[in-house]
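# Remarks on the overall topology
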Amino acid sequence: MAEIVIKTENLSFTYDDNEDAEKIPVLENFDIEIEKGTFVALLGHNGSGKSTLAKLFNLVLTPTSGNLYLFGKKIDENEITDDELYEIRRRVGMVFQNPDNQLVATIVEEDVAFGPENLGVSPAEIRERVDKALSLVGMKKYARHSPHQLSGGQKQRVAIAGIIACNPDIIIFDESTAMLDPVGRSEVMDTIEKLNREYGTTVILITHYMEEAIDADRVIVMDDGKVIMDGVPKEIFSRVKELKEHGLDVPQATELAYELKEAGMPLTDGILSREELAGQLMALFTDEK
């Protein structure tokens, strides 16, 4: 049985920064389990609670009520020590939208070294971690470059390398491709998939780009702080009408296949890629000859 690295029970969270406003929960009675080594895509429109959930997993926020377990340990803000908090935040890394907000040094390798230095890692091990992290994200040849002279996708890969160098067990990507062009998005997604498939890193990807969720092991769809769908990509994206009712899109190939099927073409549900759609269309046209 796979290890459960994140678990919530009746988890709720309400922001209390405005005392005069009605307190509306951002998350309410939220139950979820995430297994070690899985690639989970978290979908939902703005305000559905995705980023708040990510901040709870990283202990930037703590639950208003309910239970949160990280790596089998129940999190109690009244009992957790500073050292335990520090260690959990190391083990649950986060990569945000704007890479410029995560770049702190004037040289790429110094930026990647920043996290391990603050963890008290020895200089020799920092050198090893930096080289390994930059190689993993395909940025080793830029080690002596200035981060601010890089493209958006390259900057984001440097930001990811900085998280990798801290040896996290889980990395949460909070719309990390939102500010990138298609080439940059592709570079970052290749890195994310490599981290998960080759190195076994547990990945939680929050995204508005449905194509990025195609290769996930699991897709979770949120709305109003609750889980409304949870399954493999083919299952979730076969529910086109339901997703649209919740203000969400589907991958372009899925959308076209859905429209063609509505028009009477005998296509299967849950087509995810252009290659899969092309294959089914080719088979149909070949059979007609």
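Right above here is the structure, for reference.
Keep in mind that what you see is a predicted model, and the values were worked out from it rather than measured. (Residues numbered from 1 in each chain as written. Predicted model: local features only at pLDDT ≥ 70, side-chain atom pairs only at ≥ 80, totals over all residues. Heavy atoms only, no water.)

### Some words on the pairing of strand β8 (residues 202-206)
In the case of a regular strand, side chains alternate between the two sheet surfaces. Burial analysis of β8 places five of its five residues in the buried class, the great majority of the element. In β8, alternate side chains face the same way, and those of Thr202, Ile204 and Ile206 on one face and Val203 and Leu205 on the other are all buried. Once the chain exits strand β7 (residues 170-174) it traverses helix α6 (residues 182-199) before rejoining the sheet at β8, and the crossover so formed is right-handed. (Buried < 20%, exposed > 50% of the residue type's maximum accessible area, 1.4 Å probe, protein only. Helix = DSSP H or I, 4+ residues; strand = E, 2+ residues; numbered from the N terminus. Right-handed = clockwise from strand over helix to strand, strands pointing away.)

### Here's the deal with the environment of Asp169
Take Asp169: it is sitting in the loop between α5 (152-164) and β7. It is 11 Å that separates the C-alpha atoms of Asp169 and Met94, two residues lying 75 residues apart in sequence. Ignoring anything within four residues of it in the chain, the contact list for Asp169 reads Phe71, Arg91, Thr201 and Thr202. Side-chain polar atoms of Asp169 contact the side chain of Arg91, separated by 2.5 Å. (Contact = heavy atoms within 4.5 Å. Polar contact = N/O pair within 3.5 Å; in protein donor to acceptor, adjacent residues only side chain to side chain.)

### Brief notes about the pattern of salt bridges
By the definition in use, this model includes 19 salt bridges. The partner of Arg90 in a salt bridge is Glu87, and the shortest N-O contact between them spans 2.8 Å. Placement of both Arg90 and Glu87 in helix α2 (residues 82-91) is noted, with a separation of three residues, approximately one turn of the helix. A salt bridge links Arg91 to Asp169, with the nearest nitrogen and oxygen atoms 2.5 Å apart. Taken together, the positions of Arg91 in helix α2 and Asp169 in the loop between α5 and β7 put the pair 78 residues apart, joining distant regions of the chain. In this structure, a network of salt bridges that share partners links the residues Glu109, Arg127, Asp131 and Arg144. (Salt bridge = Lys/Arg side-chain N within 4 Å of Asp/Glu carboxyl O.)

### Here we look at the side chain of Gln156
Tracing the backbone shows Gln156 in helix α5. If we ignore the near neighbours within four places in the chain, the residues touching Gln156 are Val95, Phe96, Gln97, Pro99, Gln102, Ser176, Leu180 and Val188.

### Observations concerning the packing of aromatic side chains
The description of an aromatic ring pair rests on the distance of the ring centres and on the angle between the ring planes. For the coordinates displayed, the defined rule picks out one aromatic pair. Ring centres of Phe13 and Tyr15 lie 4.7 Å apart, and the angle between their planes is 90°; on these two criteria the pair is classed as edge-to-face. Classification of Phe13 by relative accessible area gives buried; the value is 7%. The ring centre of Tyr69 lies 5.8 Å from the NZ or CZ of Lys7, which sits over that ring. The ring of Tyr209 carries Arg185 above its face, with NZ or CZ at 4.1 Å from the centroid. (Phe/Tyr/Trp six-rings, centres within 6.5 Å; stacked < 30°, edge-to-face > 60°. Lys NZ or Arg CZ within 6 Å of the ring centre and 35° of its normal.)

### Observations regarding the packing of α5 against α6
Contact geometry for α5 and α6: axes closest at 8 Å, N-to-C directions at 20°. What the angle tells us is that α5 and α6 run roughly parallel. Where α5 abuts α6, its residues Gly153, Gln154, Gln156, Arg157, Ile160 and Ile164 lie against Gly184, Glu187, Val188, Thr191 and Leu195. In terms of residue class, the contact of α5 with α6 is built from four nonpolar, five polar and two charged. (Axes fitted to C-alpha atoms, helices over the stretch in contact; angles between N-to-C directions. Parallel < 35°, antiparallel > 145°, perpendicular 65-115°, else oblique. Nonpolar A, V, L, I, M, F, W, Y, C, P; charged D, E, K, R; others polar.)

### Brief notes about the sheet that holds strand β9 (residues 218-223)
Strand order across the open sheet formed by six strands is β6-β7-β8-β3-β9-β10, with mixed pairing between neighbours. With one partner strand each, in any of the chains shown, β6 (92-95) and β10 (226-231) form the two edges of the open sheet. Across the sheet, the mean angle separating the axes of adjacent strands is 20° when strand polarity is ignored. By the bridge criterion, four bridges tie strand β3 (residues 39-43) to β8 in an arrangement that is parallel. Bridge pairing in β8 links Leu42 to Ile206. Against the sheet, α2 makes contact with β6 and β7, and its axis sits at roughly 55° relative to β6, the strand it touches most. In this fold α5 packs onto β6 and β7, with an angle of close to 170° to the strand it touches most, β6. (Pairing = 2+ DSSP bridges.)

### Comments concerning unusual backbone geometry
Of note, the phi angle at Asn10 is positive, near 50°, even though the residue is not glycine. By secondary structure assignment, the location of Asn10 is in strand β1 (residues 4-13). According to the relative accessible area criterion, Asn10 is partly exposed, its value standing at 44%. Despite not being glycine, Asp224 has its phi angle at roughly 50°, a positive value. Position of Asp224 relative to the elements: it lies in the loop between β9 and β10.

### Regarding the pairing of β1
Where β1 lies against strand β2 (residues 27-35), six bridges are found, and the strand directions are antiparallel. Pairing of Lys7 across the sheet is with Glu33, part of β2. Across five bridges, the pairing between β1 and strand β4 (residues 65-70) is antiparallel. Paired with Thr8 across the two strands is Leu68, which belongs to β4.

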